[in-house]
Amino acid sequence: MTATTTFTYSHTVGFLANQGRGFNNPVDVALDSQGILYVLNRAGPETALRMPYKRVVMCTVDEDYLGELGTGGTGDGEFWWPSALAFDSDDRLYVADEALQRVSIFTKSGELLGQWGEQGPRDGQLDRPSAMVFDSEDNIYLTDSLNHRVQKFGKDGAFLGNWGEEGDGPGQFNMPWGVALDGNGDVYVSDWRNDRVQKFDPSGRYLAQWGSSGDGEGQFKRPSGLAVDPDGNIYVCDWGNERVQVLSPSGQVLACFRGDSVTSTWATAYFEANPDEGAARLAADLEPEVNPRSDRHRETSANVEKLLWGPTSVKLDGQGRIYIVDSLRHRLQIYRRGS
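Residues numbered from 1 in each chain as written. Predicted model: local features only at pLDDT ≥ 70, side-chain atom pairs only at ≥ 80, totals over all residues. Heavy atoms only, no water.

J.: How should the sheet that holds strand E1 (residues 6-13) be read in this particular structure?
T.: The strands that make up a sheet are held in pairs by hydrogen bonds between backbone atoms, and each pair lies either parallel or antiparallel. Reading across from one edge, E1-E24-E23-E22 is the order of the 4 strands in this open sheet, with antiparallel pairing throughout. The open sheet has two free edges, formed respectively by E1 and strand E22 (311-316), since each of these has just one partner strand. This sheet shows a mean twist of 25° between the axes of neighbouring strands, independent of strand direction. Summarising the sheet, strand E23 (residues 321-326) and strand E24 (residues 331-338) pair through 6 bridges and their orientation is antiparallel. Bridge pairing in E24 places Ile322 opposite Tyr335. (Pairing = 2+ DSSP bridges. Helix = DSSP H or I, 4+ residues; strand = E, 2+ residues; numbered from the N terminus. Axes fitted to C-alpha atoms, helices over the stretch in contact; angles between N-to-C directions.)

J.: What am I meant to see in the pattern of salt bridges here?
T.: If charged atoms from side chains of opposite charge come close, those side chains can pair. Evaluated as defined, the whole model comprises 21 salt bridges. Where Asp201 meets Arg205, a salt bridge forms, and the shortest distance between an N and an O atom there is 3.1 Å. Look at the salt bridges and you will find they share partners, linking Asp88, Asp90, Arg92, Asp138 and Lys155 into a network. (Salt bridge = Lys/Arg side-chain N within 4 Å of Asp/Glu carboxyl O.)

J.: Sorry, what's going on with the packing of aromatic side chains here?
T.: Scanning the entire structure with this criterion turns up 21 aromatic pairs. Geometrically, the ring pair formed by Phe7 and Phe257 is edge-to-face, given 5.5 Å between the ring centres and 70° between the ring planes. Of the two residues, Phe7 is situated in strand E1 and Phe257 in strand E21 (residues 253-257); the sequence distance between them amounts to 250 residues. The buried category is assigned to Phe257, whose relative accessible area is 5%. Three or more aromatic residues link up through ring pairs in this structure, and these residues are Phe7, Tyr9, Tyr235, Phe257 and Tyr335. The positively charged end of Arg222 is found above the aromatic ring belonging to Trp192, 5.3 Å away from the centroid. (Phe/Tyr/Trp six-rings, centres within 6.5 Å; stacked < 30°, edge-to-face > 60°. Buried < 20%, exposed > 50% of the residue type's maximum accessible area, 1.4 Å probe, protein only. Lys NZ or Arg CZ within 6 Å of the ring centre and 35° of its normal.)

J.: Would you mind going over the side chain of Ser313 with me for this structure?
T.: Relative to the assigned elements, Ser313 resides in strand E22. For Ser313, a relative accessible area of 4% gives the class buried. A distance of 2.6 Å separates polar atoms of two side chains, one belonging to Ser313 and the other to Asp28. If we skip the residues at most four places from it in the chain, Ser313 touches Val27, Asp28, Val29, Gly225, Cys237, Tyr323, Ile324 and Val325. (Polar contact = N/O pair within 3.5 Å; in protein donor to acceptor, adjacent residues only side chain to side chain. Contact = heavy atoms within 4.5 Å.)

J.: Sorry, what's going on with the packing of helix H1 (residues 265-273) against helix H2 (residues 275-283) here?
T.: Where H1 meets H2, the axes come as close as 5 Å, and the angle between the chain directions of the two elements is 115°. Contact with H1, carried on its side by Tyr270, Phe271, Glu272 and Ala273, involves Pro275, Glu277, Gly278 and Arg281 of H2 and no other residues of that element. Grouping the amino acids of the contact of H1 with H2 by side-chain chemistry returns 4 nonpolar, 1 polar and 3 charged. (Nonpolar A, V, L, I, M, F, W, Y, C, P; charged D, E, K, R; others polar.)

J.: I keep staring at the sheet that holds strand E18 (residues 223-228) and nothing clicks. Help me out?
T.: Pairing within the open sheet is antiparallel, and its 4 strands lie in the order E18-E19-E20-E21. At either end of the open sheet lies a strand with only one pairing partner, and these are E18 and E21. Across this sheet, the average inter-strand angle for adjacent strands is 20°, counted without regard to direction. Bridging between E18 and strand E19 (residues 234-238) involves 4 bridges; their strand directions are antiparallel. Considered in E19, the bridge of Leu226 is made with Val236.

Nothing here speaks to function; it is geometry throughout.
Structure (structure tokens):
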């Protein structure tokens, strides 16, 4: 892929719904081997009323709703602060939970197969696990945010290794968030409080980094989820700047997505069934002039409905689609890449 690659907005999936067809503060998405989307809903704050809203929604890219699994709570297989999800090669679904300090394993239909993890700073222990990715051998790389490191586990939770410590030097972290692999198995980590992305070989040897603090091209403000395409281009959720940036392997900025959403099919059906709300939406100014205050990106995104607001995760499929989890607008914005 070269700098002439084009990126085109495709469509939006989702809208705010506490249960059933819709999302509530989605934070991550994963695709199974059949291309089914599994969308993880964090849905805070943690009150008894909101416990059922913490769930995984299954749907297709064409907006067919297929069901949901999971619920909030602290019991086996339940979620409190769910943060990430990923599939292994056998289509088993792994869900990380920051508050419960564990990873739970489910079948695609939601049957609990097992769970592992405990809080602590020692090898294999966790403190706010925030993202996961599987390598070709079904080992998991997991960002262990408050331990400021990356850990590697077998799919059964067996500890295999880790690297990192708190700091801002090469190979150090300050609350790492996202993690992704390229085709060579090299590991990319979004270093949240250091406002950069770092690259390592599979054993944790530091290779490179991109970014610095700021809102200019190629700069980051609290990067979150990330992905790497087959050509080594890096897709970074620039969470604090309310955008997703695409970098070439050399760090050249190829694209910047601020958001282009139109109303999803699910939202359209809702407004047709609730005409008073639909009429109010039609009468509203969805792209008002904004006079930003202290944080111009956040203020603009909060007011302009089509824009990304709190992008937390970005994933790619094998058909050129880019899935951006637009957390505070309870939806996925989907783009396509081509040349």
